[in-house]
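Listed below, chain by chain, are the residues.
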Amino acid sequence: MDEFMQAANADGEQARLTGGIPIGSVLVKEGKIIGRGHKKRVQDGDPITHAEIDCVRNAGRIRN
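Below or above, wherever it landed, is the structure these notes cover.

So, how was this worked out
- Residues numbered from 1 in each chain as written.
- Predicted model: local features only at pLDDT ≥ 70, side-chain atom pairs only at ≥ 80, totals over all residues.
- Heavy atoms only, no water.
- Helix = DSSP H or I, 4+ residues; strand = E, 2+ residues; numbered from the N terminus.
- Buried < 20%, exposed > 50% of the residue type's maximum accessible area, 1.4 Å probe, protein only.
- Arc of directions from axis to C-beta.
- Contact = heavy atoms within 4.5 Å.
- Salt bridge = Lys/Arg side-chain N within 4 Å of Asp/Glu carboxyl O.

**Description of unusual backbone geometry**
Not every positive phi belongs to a glycine, and Glu30 is a case in point at roughly 50 degrees. Position of Glu30 among the secondary structure elements: in the loop between β1 (24–29) and β2 (32–38). Looking at Glu30, the relative accessible area reads 78%, which means it is exposed.

**Quick word on helix α3 (residues 51–59)**
Every buried residue belonging to α3 is among Ala51, Asp54, Cys55 and Ala59, and all of these are buried. Buried residues of α3 fall within an arc of 135 degrees about the axis and therefore sit on the same side. Those residues of α3 that are buried are in contact with β1 and β2.

**Structural notes on the side chain of Asp11**
Looking at the element boundaries, Asp11 is found in helix α1 (residues 3–17). Taking relative accessible area as the criterion, Asp11 reaches 11% and is therefore assigned buried. The residues contacting Asp11, other than those within four sequence positions of it, are Gly24, Ser25, Val26, Arg36, Gly37 and His38.

**Considerations on the pattern of salt bridges**
Tallied over the entire structure, the rule returns three salt bridges. In this structure, Arg36 and Asp11 form a salt bridge, with 2.9 Å as the shortest nitrogen-oxygen distance. Within this pair, whereas Arg36 is found in strand β2, its partner Asp11 is found in helix α1, the two being separated by 25 residues in sequence. The residue Arg16 makes a salt bridge to Glu13 at a minimum N-O spacing of 2.5 Å. In this pair, Arg16 and Glu13 both sit in helix α1, three residues apart, roughly one turn of the helix.

**Considering the environment of Ala51**
Mapped onto the fold, Ala51 is located in helix α3. The class for Ala51 is buried, based on a relative accessible area of 1%. Considering only alpha carbons, one finds Ala51 and Ile21, 30 residues apart in sequence, at a separation of 9.6 Å. When residues no more than four places from it in sequence are discounted, the contact partners of Ala51 are Ile23, Gly24, Ser25, Gly37, His38 and Lys39.

In structure tokens form, the structure reads like this:
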């Protein structure tokens, strides 16, 4: 398993530990993780908060 999949799995584990569905996501640019997230549908009560949406939101907080 490569480092990016390991990072996504770690974020999925974070979701599980906080009572949610264990799915994580990472966004990679030029070999570097620029965003991470996990599914928060259960925690937030929001059917839109998928791991990928959380990841893109978090990546959007990075300048440039």
